[in-house]
Amino acid sequence: MARIAVSIDGVTLVAISCDGFDVVSVGIGGTRVDQEFATVHVSSSRYPGNGESTYLIWTEEVLSPGQTVTVTFAEAGPTLGTGKTIDELHPGGAGSEESNTEVDFKLSPAVMQELRAKPKVRSSWRFALCGPDDSRHKSQTTDAEHGFGFNVLWNVHRPDRASFSLHSYDLDSLEQRTPMRDHVRGKLEYGKAVELVVAD
């Protein structure tokens with residue numbers, strides 16, 4: 001079964017066998033109001049036809065400007081790390097009943113007003129992405145954009161490939177739930193990797 005490995009500056013954080021999961025996701029993101037420059041989040045999910053869903057977090061790391069994140073997709077290989085539930089990561093916090101409840105992610109006018117009022121701690125991000133075919137892509141966010149996201153997504157319906165995308169967005173598109181601005185999209189096949197450097 002497929003394997004996804006994530007490293008920062010050449011040091012492997014996790015290597016996950018996709019066997020037994022429906023979705024494995026790698027996300028990098030940040031906003032102009034967060035104190036952290038950007039964060040790296042790796043998770044896996046299982047959605048059985050009849051039974052309780054499982055959501056595991058494998059790592060949550062703060063990214064510094066100029067660090068290189070590499071996501072490698074392989075047909076097999078050694079694993080590293082252990083996924084944990086929200087209850088395991090935050091004992092005494094949100095219980096399993098709450099964490100398994102579907103959440104409405106629609107942002108209310110009050111939340112949007114609060115976001116717009118928050119002081120900005122940075123002006124932009126710059127991206128340098130190396131694709132699985134060694135293609136190079138450079139871009140950056142605009143003055144009006146609030147945040148960015150980079151995602152690598154594997155799902156059990158297409159087990160021999162993973163998709164990746166880099167996008168940015170402003171608060172209007174977030175509020176109106178309109179499409180974000182794509183910087184690059186692509187696919188990972190076995191034996192390939194995608195590399196992203198985020199700078200300020």
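Every residue gets a number counted from 1 within its own chain, in the order that chain's sequence is written. With pLDDT at 70 or above as the cut-off, local features in this predicted model cover only qualifying residues; side-chain atom pairs require 80 or more to be listed or tallied, and sums for whole chains, interfaces and linings still use all residues. Note that the side-chain values use all heavy atoms of the structure and ignore hydrogens as well as water.

Caption draft 1: View of the nonpolar core. One finds Ile4, Phe150 and Val152 to be the most contacted residues of the largest nonpolar core, which totals 36 residues. Strands are runs of DSSP state E lasting at least 2 residues, helices are runs of H or I lasting at least 4, and numbering of each runs from the N terminus. If one sorts the elements of this core by residue count, strand β9 (residues 147-155) sits on top with four residues. Note on definitions: a residue-residue contact is assigned when non-hydrogen atoms from the two residues lie within 4.5 Å. In this view, Val152 contacts Val24, Ser25, Val26, Val71, Ala162, Ser163, Phe164, Leu188 and Val194; residues no more than four positions away in its chain are not counted. The criterion is simple. A nonpolar core is a set of buried Ala, Val, Leu, Ile, Met, Phe, Trp, Tyr and Cys residues joined through side-chain atoms within 4.5 Å. Classification of residues uses two cut-offs on accessible area relative to the type maximum, computed with a 1.4 Å probe and protein chains only: under 20% is buried, over 50% is exposed, and between them is partly exposed.

Caption draft 2: Inspection of the packing of aromatic side chains at higher detail. Within 6.5 Å between ring centres, the rings of Phe, Tyr and Trp (the latter by its six-membered ring) count as paired, and their orientation is classed by plane angle as stacked under 30 degrees, edge-to-face over 60, tilted in between. In total, this model carries four aromatic pairs according to the counting rule given. A centroid spacing of 5.2 Å and a plane angle of 20° characterise the contact between Phe73 and Tyr190, whose relative ring orientation is stacked. Taken as a pair, Phe73 in strand β6 (residues 68-74) and Tyr190 in the loop between β11 (181-189) and β12 (192-199) lie far apart in primary sequence, 117 residues in all. Take Tyr190: its relative accessible area is 31%, and that puts it in the partly exposed class.

Caption draft 3: Inspection of the sheet that holds strand β7 (residues 126-130) at higher detail. Read across the open sheet, the six strands follow the order β2-β1-β6-β12-β7-β8; overall the sheet is antiparallel. Single-partner strands in this sheet number two, and they are β2 (11-17) and β8 (136-140). With strand direction ignored, the average angle separating the axes of adjacent strands in the sheet is 15°. Here, any two strands with at least 2 DSSP bridges between them count as paired. Think of each axis as a best-fit line through the C-alpha atoms, taken over the contacting stretch in the case of a helix, with angles from 0 to 180 degrees between the N-to-C directions.

Caption draft 4: Main features of the confidence of the model for the protein. Scored from 0 to 100, pLDDT reflects the predictor's confidence in each residue. For the protein, the average pLDDT comes to 91, and 93% of its residues sit at 70 or higher. Segment residues 94-104 is flagged for pLDDT under 50; beyond a separation of four residues in sequence, or across chains, it makes seven contacts in the model.

Caption draft 5: How the structure looks around the pattern of salt bridges. Think of a salt bridge as a Lys or Arg side-chain nitrogen and an Asp or Glu carboxyl oxygen that are within 4 Å of each other. Taken as a whole and assessed by the stated rule, the structure comprises four salt bridges. Ionic pairing is found between Arg116 and Glu175, a salt bridge with its closest N-O pair at 3.0 Å. Here Glu175 lies in helix α4 (residues 171-176) and Arg116 lies in helix α3 (residues 109-117), a separation of 59 residues in the sequence. Where Asp182 meets Arg185, a salt bridge forms, and the shortest distance between an N and an O atom there is 2.8 Å. Note on Arg185: relative accessible area 59%, which makes it exposed. Ionic contacts of the salt-bridge type, sharing partners, join the residues Arg116, Asp172 and Glu175 into one network.

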